[in-house]
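Secondary and tertiary structure notes
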Amino acid sequence: MATNYRPKTTIEQWRILQAVVDYGGYAQAAHALNKSQSSMNHAVAKLQDTLGVQLLQVIGRKAELTEIGEVMLRRSRQLTVLVTELEQLAVNLKQGWEPEIKLAVEMVFDRSLLLPVLREFQLHSRGSRLIIEDTVLTGSVEAITEQRADIVISHQVPKGYVGEPISQFQMHLVVSSDHPLAGLPQPVSPDQLSQYLQIVIRDTAQKPLEQQGWLKAEQRWTVNNFNEALQLVEAGIGFCWLPPFITKTSTQLTELQLAGSSHRAGATYLVLPKDEKTGPCARLLYDMLVSELTNT
C-alpha cells in the first residue's frame, strides 16, 4: 500500500542535482554549496543508480540533463519548494504566526480596493491561509462582538470597540429601465414603492435585526449577494438598493428618486475584534489595510 512506501532518495540528493544544473557543472556547484566535488559526483551517481535512470550526461566538460533528467528535475523543484515551505511554516508557528486568519467584509465595501493590499500581503503571509467572508448588516456587527473574524470591515462599530474609518459608501435605488416604476414621475413616494417587489440582501447574522434600509414593500425576495440581486433587477422582477460599484457596468438600469431619500450613504470601518489578542499575521494585514485604505 502507498502508506507503507519508503522513499529511496533524499531531499539532499535532489538539491545537489538542482545545483549541478543551476551552476553549470559539478565544480561550480561544489564551490557554491561549499562541498567537495567528489561528494557531488557521488550524490548524483547514487541518485541515478537508485532510480535506475540517467539524469545527467557529460558532454565535453559540461554536465547536461537527459530528457528523463529534465522531467525529473522539474518535478524535484516542486518537491524541494514544498519541503522548504513546510520547514518555514514550523518556524512561523513556533513564533506564534497564525496558520489561518479570517477577514470579514461588509458587502457594501468595494472589494476592488482590497486587491492591491492582498497582492502585497500574499508575499509576506508566510503560508498562512486567508479566509475572506462576506457579511451583511447585523452579521458584520456580530463578526465583531462574537469575534468570528480576526479583522472586520463593517458599516458600524459596536459599543466598546474602536474602528478606523477607511471609506465611504453609497446605495442607490434602482430598477430595470422597463420596470413600471421607471416610467413614473420622479420622485416616487414610499406608497408607490411599497406596491412592488423589493429585492433585499440576506442579513448574515445568526439573529438578524431588520432595522436598516427601506423594508416597507409588502412583497420581498431575499438573496445572498449583490450580484444575484442585480440579475433579478435587470430582469425587471423588482427594485433594490445597490452600490455603484455593482451597477456601473449595467446598461439596463434606471435610478429612482425616492421622496425624502435620494440615496443611502455611510462609512465603513476597519476593526480588530480581538484587539490586543490579535496575532502577528492578522496584525500585519490590518496595518497594510490601514496604510493603503486611509490614503485612497
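Structure: above.
Being a predicted model, the structure only gives us computed values, none of them experimental.

The next subject is the pairing of strand S2 (residues 62-65). Of the pairings in the sheet, the one linking strand S1 (residues 56-59) to S2 comprises four bridges and is antiparallel in character. In the strand pairing of S2, Ile59 is matched with Lys62. The hairpin turn running from S1 into S2, its antiparallel successor, is two residues long, and Gly60 in that turn takes a positive phi close to 70°.

So, about the packing of aromatic side chains. Enumeration according to the criterion identifies zero aromatic pairs in this entry. In this arrangement the basic side chain of Arg126 is found over the ring face of Trp97, its NZ or CZ atom lying 4.1 Å from the centre. If you follow Arg264 out to its NZ or CZ, it ends over the ring of Trp241, 5.6 Å from the centre.

The next point concerns the environment of Lys46. Here Lys46 lies in helix H3 (residues 37-51). Of the residues examined, Lys46 reaches a relative accessible area of 47% and is grouped as partly exposed. Expressed as a C-alpha distance, the spacing of Lys46 and Thr9, which sit 37 residues apart in the sequence, is 8.9 Å.

Quick look at the pairing of strand S3 (residues 100-106) now. Along any regular strand, the residues point their side chains to alternate faces of the sheet. Here S3 lies mainly inside the structure; five of its seven residues are buried. Summarising the sheet, S3 and strand S4 (residues 129-135) pair through seven bridges and their orientation is parallel. Across the sheet, Ala104 pairs through a bridge with Glu133, a residue of S4. In this region the chain leaves S3, passes through helix H5 (residues 115-124) and returns to the parallel neighbour S4; the handedness of that crossover is right-handed. Taken together, the three bridges between S3 and strand S5 (residues 151-154) define a ladder with parallel strand orientation. The partner of Ala104 across the bridge, within S5, is Val152.

Tallied over the entire structure, the rule returns eight salt bridges. Notably, a salt bridge pairs Arg129 with Glu100, separated by 3.3 Å at the nearest N-O pair. Here Arg129, found in strand S4, pairs with Glu100, found in strand S3; they are 29 residues apart in sequence, far enough to count as distant. Overall, the relative accessible area of 36% leaves Glu100 in the partly exposed class. Linking Lys274 and Asp150 is a salt bridge whose minimum nitrogen-to-oxygen distance equals 3.0 Å.

For the rest of this paragraph, the subject is the environment of Ser167. Tracing the backbone through its elements, the reader meets Ser167 in strand S6 (residues 163-176). Judged by relative accessible area, Ser167 falls into the buried class, the value being 16%. On a C-alpha basis, the gap between Ser167 and His155 in space is 9.6 Å, while along the polypeptide they are twelve residues apart. The residues contacting Ser167, other than those within four sequence positions of it, are Phe109, Gly266, Ala267 and Thr268. Of note is the side chain of Ser167, whose polar atom sits 2.5 Å from the side chain of Thr268.

Bringing H3 into the picture now. End to end, H3 covers 21 Å across 15 residues, agreeing with the expected 21 Å (1.5 Å per residue, within 8%). Lining the buried residues of H3 we find helix H1 (11-23), helix H2 (26-33) and S1. Positive backbone phi, at 75°, marks Gly52, one or two positions downstream of H3.

As for its placement among the helices and strands, Asp150 is situated in the loop between helix H6 (138-145) and S5. We classify Asp150 as buried; its relative accessible area is 10%. Within the structure, Asp150 has its side chain in polar contact with the backbone nitrogen of Lys102 (distance 2.8 Å). In terms of polar contacts, Asp150 uses its side chain to reach the side chain of Lys274, at 3.0 Å. Setting aside chain neighbours within four positions, we find Asp150 in contact with Glu100, Ile101, Lys102, Val271, Leu272, Pro273, Lys274 and Ala282.

Below, the discussion takes up the side chain of Ser128. The residue Ser128 is located in the loop between H5 and S4 in this model. Overall, Ser128 belongs to the buried group, its relative accessible area being 9%. Side chain to side chain, Ser128 and Trp97 meet in a polar contact 2.9 Å long. For Ser128, the side chain forms a polar contact with the main-chain oxygen of Glu98, separated by 2.3 Å. Non-local contacts of Ser128, meaning those with residues more than four positions away in its chain, are made with Trp97, Glu98, Pro99 and Cys281.

Cut-offs applied
Residues numbered from 1 in each chain as written. Predicted model: local features only at pLDDT ≥ 70, side-chain atom pairs only at ≥ 80, totals over all residues. Heavy atoms only, no water. Pairing = 2+ DSSP bridges. Helix = DSSP H or I, 4+ residues; strand = E, 2+ residues; numbered from the N terminus. Phe/Tyr/Trp six-rings, centres within 6.5 Å; stacked < 30°, edge-to-face > 60°. Lys NZ or Arg CZ within 6 Å of the ring centre and 35° of its normal. Buried < 20%, exposed > 50% of the residue type's maximum accessible area, 1.4 Å probe, protein only. Right-handed = clockwise from strand over helix to strand, strands pointing away. Salt bridge = Lys/Arg side-chain N within 4 Å of Asp/Glu carboxyl O. Contact = heavy atoms within 4.5 Å. Polar contact = N/O pair within 3.5 Å; in protein donor to acceptor, adjacent residues only side chain to side chain. Expected span 1.5 Å × (residues − 1).

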